[in-house]
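Chain and residue survey
Chain residues, written in single-letter form:
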Amino acid sequence: MSGPLPRWCEQTCVVCPAQQLGPGQFDVVDRPGPEFAYRQNLGWRATADGVAVCVHPFRVGLPAGRYASAGEPVPDQAPRPAPTPAALELPADVVDLEGWLVAMLRDAPPEQIFTAVARAERLAAQRFGAKQTVAALRRVLSVELANR
């Protein structure tokens, strides 16, 4: 498949290469970092040499791998990766807020989802303000709660 998987369009960040590229056409890393800067001209994060990078393996449903840059094979059936401890740290950049919210919700046991949402909202609002936090929560919850 040369284009994105249909589920990727709903489950990944709007700035994820999975929104436009198919399996094997981008790398997946386990967390955002300065070495994978968002490139406005591309519309997603990329390495210094321009390889597209997804920084949320738990959202794209693939384990970390150098699929585009090193030709690693994309697994046919891989269990959805769990959020890493690094993914559960509140991000510094609002671009990563939705990914963090997804990680927080996926890490919470079903019986603690209300507490997880309230905690995530409180922490995110302290850093990014209520307006951006509520907007991100609405986008995330519309997909995450439907998938539970």
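So, a few notes on the structure that sits alongside this text.

1. A look at the overall build of the protein chain
When helices and strands are counted, the protein chain shows five helices and four strands. Going residue by residue from the N terminus, the α and β elements of the protein chain occur as α-β-β-β-β-α-α-α-α. Relative to the 2.2 N^0.38 estimate, which gives 15 Å for 148 residues, the radius of gyration of the protein chain is 15 Å and therefore close to what a compact globule would have. Overall, the protein chain is about 40 × 30 × 25 Å in size when its C-alpha atoms are taken along their principal axes. Residue burial in the protein chain is summarised as follows: out of 148 residues, 42% are buried. Contacts spanning at least 24 positions in sequence make up 53% of the contacts within the protein chain whose residues lie at least 6 apart. Measuring between centres, the 15 positive side-chain charges of the protein chain sit 6 Å from its 15 negative side-chain charges.

2. Details of the packing of helix 3 (residues 97-107) against helix 4 (residues 113-128)
Two numbers describe how helix 3 lies on helix 4: the axes approach to 9 Å, and their chain directions differ by 155 degrees. Between helix 3 and helix 4, the crossing angle belongs to the class labelled roughly antiparallel. Relative to helix 4, helix 3 is oriented so that their crossing is right-handed. On helix 4, the residues touching Leu97, Trp100, Leu101, Met104 and Leu105 of helix 3 are Ile113, Ala116, Val117, Arg119, Ala120, Leu123, Ala124 and Phe128. Across the contact of helix 3 with helix 4, the residue classes break down as 12 nonpolar, no polar and one charged.

3. Points about the nonpolar core
With 19 residues, the main nonpolar core has Leu97, Trp100 and Leu101 as its most contacted residues. Taken together, the elements giving at least two residues each to this core come down to helix 3, helix 4 and helix 5 (130-147). When near neighbours in sequence (up to four residues on either side) are disregarded, Leu101 contacts Ala120, Ala136, Leu137 and Val140. By size, the runner-up hydrophobic cluster in this structure holds 14 residues, among which are Leu5, Cys16, Phe26 and Leu62.

What counts, and where the lines are drawn
- Residues numbered from 1 in each chain as written.
- Predicted model: local features only at pLDDT ≥ 70, side-chain atom pairs only at ≥ 80, totals over all residues.
- Heavy atoms only, no water.
- Helix = DSSP H or I, 4+ residues; strand = E, 2+ residues; numbered from the N terminus.
- Rg over C-alpha atoms; globule rule 2.2 N^0.38 Å.
- Buried < 20%, exposed > 50% of the residue type's maximum accessible area, 1.4 Å probe, protein only.
- Contact = heavy atoms within 4.5 Å.
- Lys, Arg positive; Asp, Glu negative; His and termini not counted.
- Charge placed at Lys NZ, Arg CZ, Asp CG, Glu CD.
- Axes fitted to C-alpha atoms, helices over the stretch in contact; angles between N-to-C directions.
- Parallel < 35°, antiparallel > 145°, perpendicular 65-115°, else oblique.
- Left-handed = near helix turned anticlockwise from the far one by under 90°.
- Nonpolar A, V, L, I, M, F, W, Y, C, P; charged D, E, K, R; others polar.
- Core = buried A, V, L, I, M, F, W, Y, C linked by side-chain atoms within 4.5 Å.

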